[in-house]
Amino acid sequence: MTRLAAALAALMFAALPAQAQDIRETLEEVTTFELDNGMEVVVVEDHRAPVVVHMVWYRAGAADEQPGASGVAHFLEHLLFKGTDTLEPGEFSEVVARNGGSDNAFTSFDQTAYYQRVAADRLGLMMEMEADRMVNLRLDREDILTERDVIIEERNMRVENDPSALMREQLNAALYLNHPYGTPIIGWREEMVSLDLDDAYAYYDRFYAPNNAILVVAGDVSPDEVRDMAEEHYGAVPANPEVGAPRTRPQEPRQMAERRLTMEDPRVSQPYVMRSYLAPERDPGDQREAAALTLLEEVLGGGQTSVLNRALQFDRKMAVYAGAFYDGTKYDDGSFGFAVVPAPGVSLEEAEAALDETLQDFLEEGVDPDQLARIKFQMKASRIYAQDNVGSIARRYGRALTSGLTVEDVQAWPALLQEVTGEEIVAAAREVFNRDSSVTAYLKAPEAEQDAAQENEEVMQ
Amino acid sequence: MTRILSLLAAMVLAGPALAAIEIEEVETPGGFNAWLVEEPSIPFTALELRFTGGAALDAEGKRGATNLMVGLLEEGAGDMDARGFAEATEELAASFSYEASQDTVSVSAKFLTETRDDSVALLRESLVNPTFSETAIERVRKQVLSGLRSDRTDPDAIASEAFDRTVFGDHPYGSPKKGTIESVEAMTRDDILAAWRAAIAQDRVVISAAGDISAEELASLIDELLGDLPEEGAPKPEDIDVGTAAGNTVIPFDTPQSVAIFGHEGIERDDEDFFAAYVMNTILGGGGFEARLMEEVREKRGLTYGIYSYLMPMDHAELYLGRVASANDRIAEAISVIRDEWRKLAENGVTEAELEQAKTYLTGAYPLRFDGNGPIARILVGMQMDGLTPEYIETRNDRIEAVTLEDIQRVAARVLKPDALRFVVVGQPEGLETDAPVQ
């Protein structure tokens, strides 16, 4: 099979360069323009089903919060469902549901987004309501207290009940000495409990305006229709000169000392080790290193054939799982990380040492050209598959444009991924894998529990 | 708001356009039946296979065999080892996923038109000629064991497992499909081979496809893919009656937020009241923000981030289930509100306005589901599993519309059983009455 597959691959690659060219031209039908009030608009067409995804993205996320009010970006996102001058609390979602649609919202470090998925002929109504809550939010003190309880329960569910999530919070906080990426998006519990109406309005007034927002519409619509409707609904909201100043956040100073954490929690039954390094992100007009890191993530941690899984799972049998993580679509420098779940009988120290040896070997040996070719081909194919879900294309644009990138950057990215060489990938790895700007974290149960669990298992066997 | 609402009413009357999808029923020369939606605009195909039976087929004392077997299908086949298989899949940019659930083994595949034949040949190897090598078994066994160990301290897993054990006892549904640490430790290659022969057979496969493929192409693809499978698999387990008593089972676990799974007997998918029950549950605890449980537990009281209920008809039993999570000092209140709502709806039914709202939501949302080859292939295979015909798509919304207030009242009294509503709570709930001892 290997030989056959290789022959096949050669055939396909021979056929591909021509195709890769048109991927950019024809794959996605994307149109972009700007309204007079500064609101950017992206339209992605897909006429196969009479459905549309309507999203409004704000260039404001958790990393734009004032110190001491962590979680307010996400809190406000919840409160935007609580009514305006003309909509009762809960009415927004009720109207969407009454129209057969579904709606929700999410908050990240660099952006907050609101979206609905509805029949294409309901788009105007969605715009009317979304434009309304962009500026006409009406909150009452009582209502926000109940919702604060809800976000605290959300934190309970996502973080407090999950030792692994608690550990990742601690790790991030240690990785960023100064940048707000070290503060969890959902907020520190101690600050969440006292978030109030003033905090919410302060954030709203500072960031919610058409000139700080991006409209993304994907589905069974034409750009002209979207333009007409957007001008009617969003165009009526005046730009706010107070909003949308360049985002300047505290940046990382030079990092000079490796950090190491050990977190113990009796709820841990599968210990593991994580390592995170500070890493550059995609910058407008300058995405090449981030492209190399994106490929590096795949080379090291993407599935069965990746360097880490080959070495740690298959050859040395030291891990039950090994993975790499990198997300280049951020406003400021992000991180490149690893996780290794050791096999039974392998300590966290041994797992960490095996990880470092594998990384060292990789830096010396370089990238396997066959593996790189497979990854690049898969990335090309993933663009074909992505067309089946225009919502995912909408999210790609929304995230990039709220992370400081331009439409040109988004469209240049796939070709860049194809261009990056093995040498560039190794060079990017060498640059990033600097222990002075890293955190290594162990998550495990306290010794007593570990022994008990071990005994338990022995008894059961 | 009045303006928006009146505008809305006008549009609702018009109704959203129904997606124009045309289902072809394909019968292959080899005797398989499949449903196809041919949609050539994107050069790939989504293919869905369901083998009925699933993890519930596990032999006595071999709990977890089907799950482990399914985890091994992509870990070596024909003359390829795990890595060879993964490399070949990557070279074709195909994607295959295999999953065992209690009632089915699911195989979902996506492949490009240009690599279709080789992708299908590769997928065939994994189903017809899996290697189950000792090295692969050891590696995947470790992964499953690692998951089982994690489940021991995962409140959701603990709660589901305890709920199923209470309801189903020794029936396969009464234990997790992954098995236990002992049963997985003890599993041999022969057990895995037996599970493969039991579960992956011609007599139980349901097939659908959507995308860039014709009926003829699909027919020959299916014969090539499945023609060499064993003809018959293992007999399915007996049906089991669901009996629960009202009350709370508490499993103490040191964590800040209690997780509760609740429910009782449900209703069969082919029961004539199923539609009414489905609409009723949308009003009570369907995922939306408008559902009564969401309104009462989250919106009004802030007791949880998420709460929902759902009907779960399975092959051998029916459940009506829900889930909620609240801080230890608030879960008792959440549970009390849920019990009240359960009883209120059982006794008083719903209002005309609620019924209308649920209908406009359900009928409006239905055509929106058909928005891509992947989703369409999944809907098609699901319809066949439920014993529906292709015409169902055209009549489904009419059947929702036909549900009356009286239907809901009748079904609510029949299906909601406040006196059988059992909660299994994992955490350290405060002030919660418990009637069942810790297990």
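All residue numbers here refer to positions counted from 1 along the written sequence of the relevant chain. Lettering of chains starts at A and numbering of ligands starts at 1, both following the order in which they are written. Totals for whole chains, interfaces and linings use every residue, but because this is a predicted model, local features are given only for residues with pLDDT of at least 70 and side-chain atom pairs only at 80 or more, for both listing and counting.

Looking at an unreviewed UniProt entry, one finds chain B named Peptidase, M16 family, with Salipiger mucosus DSM 16094 as its source organism.

An unreviewed UniProt entry lists chain A under the name Peptidase, M16 family, with Salipiger mucosus DSM 16094 given as the organism. UniProt positions are given in the numbering used here, feature names are shortened, and annotations may be inferred rather than shown by experiment. Per UniProt, chain A carries the Cofactor (unreviewed entry) text "Zn(2+)".

1. Structural notes on the overall build of chain A
Put simply, DSSP H or I for four residues or longer makes a helix, DSSP E for two residues or longer makes a strand, and each gets a number counted from the N terminus. Each helix and strand counted, chain A has 17 helices and 11 strands in total. Note on method: radius of gyration uses C-alpha positions; expected globular size equals 2.2 Å times residues raised to 0.38. In terms of overall size, chain A behaves like a compact globule, its C-alpha atoms giving a radius of gyration of 24 Å where 461 residues would be expected to give roughly 23 Å. Each of the three principal axes of chain A carries a C-alpha extent, and together these read 65 × 60 × 45 Å. Counting other C-beta atoms within 10 Å of its own, a residue is labelled buried from 20 upward, exposed at 12 or fewer, and partly exposed in the gap between, with every C-beta atom placed from the backbone. For chain A, the residues scored as buried account for 49% of the 461 residues in total.

2. With respect to the overall build of chain B
Summing up its helical and strand segments, chain B has 16 helices and 13 strands in all. In summary, chain B has a C-alpha radius of gyration of 24 Å against a globular reference of 22 Å for 439 residues, a match within 12%.

3. Examining the interface of chain A and chain B
Accessible area lost on assembly of the parts is the figure often given for the size of an interface. Here, residue contact means that the backbone-derived C-beta atoms of the two residues sit within 7 Å. The interface is formed by 63 residues belonging to chain A together with 70 residues belonging to chain B. Elements with a contribution of two residues or more to the side of chain A that touches chain B: helix H1 (2-27), helix H3 (91-98), strand E5 (112-119), helix H4 (123-135), helix H5 (141-160), helix H11 (307-315), helix H13 (369-386) and helix H17 (447-460) of chain A. Broken down by element, the side of chain A that touches chain B gets its largest block of residues, 9 residues, from H5(A). Within the side of chain A that touches chain B, the residues separate by chemical class into 26 nonpolar, 20 polar and 17 charged. Classification convention: Asp, Glu, Lys, Arg as charged; Ala, Val, Leu, Ile, Met, Phe, Trp, Tyr, Cys, Pro as nonpolar; all other residues, Gly among them, as polar.

4. Here we look at the confidence of the model for chain A
Residues and elements named next belong to chain A. On a range of 0 to 100, pLDDT expresses the predictor's confidence in each residue. Per-residue pLDDT for chain A averages 91, and the proportion of residues at 70 or more is 91%. For residues 1-26, every residue scores under 50 in pLDDT, and the model assigns this stretch 25 contacts once sequence neighbours within four places are set aside. Note that pLDDT drops below 50 for residues 454-461; the model gives that stretch 5 contacts with residues more than four away or on any other chain.

5. Observations concerning the confidence of the model for chain B
Residue and element names in this part refer to chain B. Confidence in the prediction of chain B, expressed as mean pLDDT, is 93, and 95% of residues score 70 or more. Per-residue pLDDT stays below 50 along residues 1-17; that stretch engages in 22 contacts with residues further than four places along the chain or on separate chains. Scored as a complex, the prediction yields pTM 0.91 and ipTM 0.91.

6. Structural notes on helix H13 (residues 352-365) of chain B
With 14 residues, H13(B) extends 20 Å between its outermost C-alpha atoms, agreeing within 8% with the 20 Å of an ideal straight helix rising 1.5 Å per residue. Of the residues making up H13(B), those classed as buried are B:Glu354, B:Leu355, B:Ala358, B:Thr360, B:Tyr361, B:Leu362, B:Thr363, B:Gly364 and B:Ala365. The length a helix should cover is 1.5 Å for every residue beyond the first.

7. Some remarks on the domain arrangement of chain B
Residues and elements named next belong to chain B. Residue ranges labeled as domains rest on an automatic or database domain assignment. Looking at the assigned domains, one finds that chain B contains domain 1 (24-226) and domain 2 (247-427). Domain 1 and domain 2 are separated by 29 Å when their C-alpha centres are compared. Contact residues are listed per partner, giving 27 residues for domain 1 and 25 residues for domain 2. Looking at the side of domain 1 that touches domain 2 element by element, the count peaks at 8 residues for helix H6 (residues 155-168). Within the side of domain 1 that touches domain 2, the residues separate by chemical class into 15 nonpolar, 6 polar and 6 charged.

8. Comments concerning the pairing of strand E1 (residues 24-27) of chain B
All names here are of chain B. In terms of strand pairing, E1 meets strand E2 (residues 33-38) through 4 bridges, oriented antiparallel. Opposite Glu-27, over in E2, you have Asn-33 as the bridge partner. With antiparallel pairing between neighbouring strands as the criterion, E1 and E2 make up a hairpin whose turn holds 5 residues, including Gly-31 at a positive phi of roughly 100 degrees. Here, a strand pair is defined by DSSP locating no fewer than two bridges between the strands.

9. What about the sheet that holds strand E3 (residues 51-58) of chain A?
Residue and element names in this part refer to chain A. Pairing is mixed across the open sheet formed by 6 strands, whose spatial order is E1-E2-E6-E3-E5-E4. Because the sheet does not close on itself, it has two edges, and the strands there are strand E1 (29-34) and strand E4 (102-107). Ignoring which end each strand starts from, the neighbouring axes of this sheet average 15 degrees apart. Pairing between E3 and E5: 8 bridges, direction antiparallel. By the bridge assignment, Val-51 is partnered in E5 with Ala-119. Helix axes use the C-alpha atoms of the stretch in contact, all axes being lines fitted to C-alpha atoms, and the angles between their N-to-C directions lie in the range 0 to 180 degrees.

10. Topic: the domain arrangement of chain A
All names here are of chain A. Each assigned domain of chain A is listed with its residue range as follows: domain 1 (28-233) and domain 2 (259-460). For domain 1 versus domain 2, the distance between C-alpha centres works out to 28 Å. On the domain 2 side, the residues contacting the 27 residues of domain 1 number 28 residues. The set of elements that each furnish at least two residues to the side of domain 1 that touches domain 2 consists of strand E2 (40-45), E3, helix H6 (163-175) and strand E6 (213-219).

11. Here's the deal with the nonpolar core
Grouped together as the largest cluster of nonpolar side chains are 264 residues, with contacts concentrated most on A:Leu215, A:Val216, A:Val340, B:Ile192, B:Ala260 and B:Val279. Setting aside anything within four residues of it in sequence, one finds A:Leu215 in contact with A:Met39, A:Val41, A:Val56, A:Ala230 and A:Tyr234. Any nonpolar core is a set of buried residues, restricted to Ala, Val, Leu, Ile, Met, Phe, Trp, Tyr and Cys, that join up through C-beta atoms within 7 Å.

12. Overview of the packing of helix H3 (residues 82-92) of chain B against helix H4 (residues 116-128) of chain B
Residue and element names in this part refer to chain B. Following both chains from N to C, one finds H3 and H4 inclined at 155 degrees, their axes separated by 10 Å at the closest point. In terms of orientation, H3 and H4 fall into the roughly antiparallel class. Taken as a pair, H3 and H4 cross one another with a handedness that is left-handed. Facing H3, whose interface residues are Phe-85, Ala-88, Thr-89 and Leu-92, H4 presents Asp-118, Ser-119, Leu-122 and Ser-126. Each residue belonging to the contact of H3 with H4 can be placed in one class, and the counts come to 4 nonpolar, 3 polar and 1 charged. For classification, angles of less than 35 degrees are called roughly parallel, those exceeding 145 degrees roughly antiparallel, those between 65 and 115 degrees roughly perpendicular, and all remaining angles oblique. Note on convention: the crossing is left-handed when the near helix lies turned anticlockwise from the far helix by less than a right angle, right-handed when the turn is clockwise.

13. Describing the pairing of E6(A)
A regular strand carries its side chains on alternate faces of the sheet. Residue and element names in this part refer to chain A. Among the 7 residues of E6, 7 are classified as buried, and the element is accordingly described as predominantly covered. Neither face of E6 is left uncovered, since the one carrying Ala-213, Leu-215, Val-217 and Gly-219 and the one carrying Ile-214, Val-216 and Ala-218 both have all their residues buried. Relative to E6, E2 is paired through 6 bridges, and the arrangement is parallel. Looking at E6, one finds that Val-44 is bridged to Ala-218. Two elements, E3 and E6, share 7 bridges in a ladder whose sense is antiparallel.

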